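Topology and contacts: notes
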Amino acid sequence: MLHPSIHASTEALEALAAQPIRGPIQAEVPIAPGVSLSWDVASGTTVKAQSGEDLLDLEIQVPAAPPSWLALNLSLGRGHFTKGEALGIVYRGSVVGASRLSPKIRSNRGGKTTDTPLQEPLTFGAPQTTRIAMHSVTAYDGITSPSQSVDGAASEPPYHMLILPLPPCSSRVVLTEFRLFWVDAAHGTALRPTTLSSYS
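One structure accompanies this document, and this report is about it. Computed from a predicted model, the values in this text were never measured in an experiment. Position numbers for residues count from 1 along each chain, tracking the sequence in the order it is written. Totals for whole chains, interfaces and linings use every residue, but because this is a predicted model, local features are given only for residues with pLDDT of at least 70 and side-chain atom pairs only at 80 or more, for both listing and counting. Each side-chain value is worked out from all heavy atoms of the structure, with water and hydrogens disregarded.

Observations concerning the overall build of the chain
Numbered from the N terminus, helices here are DSSP runs of H or I no shorter than four residues, and strands are runs of E no shorter than two. Helix and strand counts for the chain come out as two helices and 13 strands. Only protein chains enter the calculation, and the probe is 1.4 Å; a residue is then buried if its accessible area is under 20% of its type maximum, exposed if over 50%, and partly exposed in between. The buried share of the chain, taken over its 200 residues, is 46%. Throughout, a contact is declared for two residues whenever any of their heavy atoms are within 4.5 Å. Long-range pairs, those at least 24 residues apart, make up 71% of the contacts in the chain with a sequence separation of at least 6. Computed with the Shrake-Rupley method and a 1.4 Å probe, the accessible areas treat only the protein chains shown as cover for residues. Accessible surface, the chain: about 10,300 Å² in total, of which carbon and sulfur atoms supply 57%.

Focus: the nonpolar core
In terms of nonpolar packing, the biggest core is built from 44 residues, with Leu37, Leu74, Leu162, Leu166, Phe178 and Leu180 touching the most fellow members. When residues of this core are traced back to their parent elements, those giving at least two are helix 1 (4–18), strand 2 (35–39), strand 3 (46–50), strand 4 (56–61), strand 5 (70–78), strand 6 (86–95), strand 12 (159–165) and strand 13 (171–183). With five residues, the single largest contributor to this core is strand 13. Residues in contact with Phe178, not counting those within four places in the same chain, are Leu13, Leu55, Leu74, Ile89, Val90, Tyr91, Leu122, Leu162 and Leu164. Buried Ala, Val, Leu, Ile, Met, Phe, Trp, Tyr and Cys residues form a nonpolar core when they are joined through side-chain atoms within 4.5 Å.

Some remarks on the sheet that holds strand 13
For two strands to count as paired, DSSP must find a minimum of two bridges between them. What the six strands build is an open sheet, ordered 1-3-4-13-6-11; its pairing is antiparallel. Two strands close off the open sheet at either side, each with one partner strand: strand 1 (22–25) and strand 11 (131–136). Within the sheet, the average angular offset between the axes of one strand and its neighbour, ignoring direction, is 30°. Summarising the sheet, strand 4 and strand 13 pair through five bridges and their orientation is antiparallel. Between N-to-C directions, angles cover 0 to 180 degrees, with each direction set by a line fitted to C-alpha atoms, over the stretch in contact for helices.

Here we look at the pairing of strand 4
Sheet topology places strand 3 next to strand 4; five bridges connect them, and they run antiparallel. Residue pairing in the sheet places Gln50 in a bridge with Asp57 of strand 4. Adjacent in sequence and paired antiparallel, strand 3 and strand 4 are bridged by five residues, among which Gly52 carries a positive phi angle near 145°.

Let's talk about the side chain of His135
Inspection of the secondary structure assignment puts His135 in strand 11. By relative accessible area, His135 is classed as buried at 2%. Engagement of the side chain of His135 in a polar contact is seen with the side chain of Asp141, the distance being 2.8 Å. If we skip the residues at most four places from it in the chain, His135 touches Glu85, Ala86, Leu87, Thr116, Pro117, Leu118, Gln119 and Asp141. Identification of polar contacts relies on pairs of N or O atoms within 3.5 Å, with a donor-acceptor requirement for protein atoms, meaning one able to donate a hydrogen and the other able to accept it, and with residues adjacent in sequence counted only if both atoms are side-chain atoms.

Considerations on the pattern of salt bridges
Throughout this description, the term salt bridge denotes a Lys or Arg side-chain nitrogen within 4 Å of a carboxyl oxygen of Asp or Glu. On inspection of all chains with the given rule, the structure shows six salt bridges. Two residues, Asp115 and Lys104, come together in a salt bridge whose shortest N-O distance is 3.5 Å. A residue pair is termed long-range when its members are at least 10 positions apart, and Asp115 in strand 9 (residues 112–117) and Lys104 in strand 8 (residues 104–109) qualify at 11 residues. Here Arg179 and Glu177 are joined by a salt bridge, their closest N and O atoms 3.6 Å apart. On the accessibility criterion, Arg179 (44% relative accessible area) is partly exposed. Within the structure, one salt-bridge network assembled from shared partners comprises Arg92, Glu177 and Arg179.

Examining helix 1
Taking 1.5 Å of rise per residue, 15 residues should cover 21 Å, and helix 1 covers 21 Å from first to last C-alpha, within 8% of that figure. Restricting attention to buried positions, one finds in helix 1 the residues Ser5, Ile6, Ala8, Ser9, Ala12, Leu13 and Leu16. Down the axis of helix 1, the smallest arc covering the buried residues is 160°, so these residues share one side. Every exposed residue of helix 1 that faces more than 90 degrees away from the buried side is listed here: Glu14, Ala17 and Ala18. Among the structural elements, strand 2, strand 4, strand 5, strand 6, strand 12 and strand 13 are those in contact with the buried residues of helix 1. To estimate how far a helix should extend, the number of its residues minus one is multiplied by 1.5 Å. Throughout, the arc means the angular range of directions from the helix axis out to the C-beta atoms.

Right under this line is the structure:
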């Protein structure tokens, strides 16, 4: 069974791959359904994007002070995550200005927003190969939610957004490959490191 959030992210990334992009882009304006960039426009930062041979090629220009925020946003739609499951990112690319990027998932349920930093960062460097970053869902993660409410009725899944903070400096970010996958609790628990917190 395909997790709803994986389905949503796959649709968004397929739309991005099919969307011809070349030139300056605007903050908060989707470059494809479910995909956008956001940054502190007051900083004077500009971003040019192109697609084609790569899934996404970003040229970032920061003229002076670094922006307070700069991120690539990917919609994960609505879905339930529970303790023991695992979420993975398969990626390949390069980043000028940073050797690692630390994604997080922002979840909104009933107007309340929580962030879940993923346990493993995306690392970049030579050689440029396909890599995997994993996150094992714990009971303390903001992405977790019960599939049923207290009275037993089905609860509305939270809305999730994958946020990938980008280097707050003039740089180039190239993503040749990027996709997400999900592992259910029966198999995801086996991926978790054995620590005292694993039993919480």
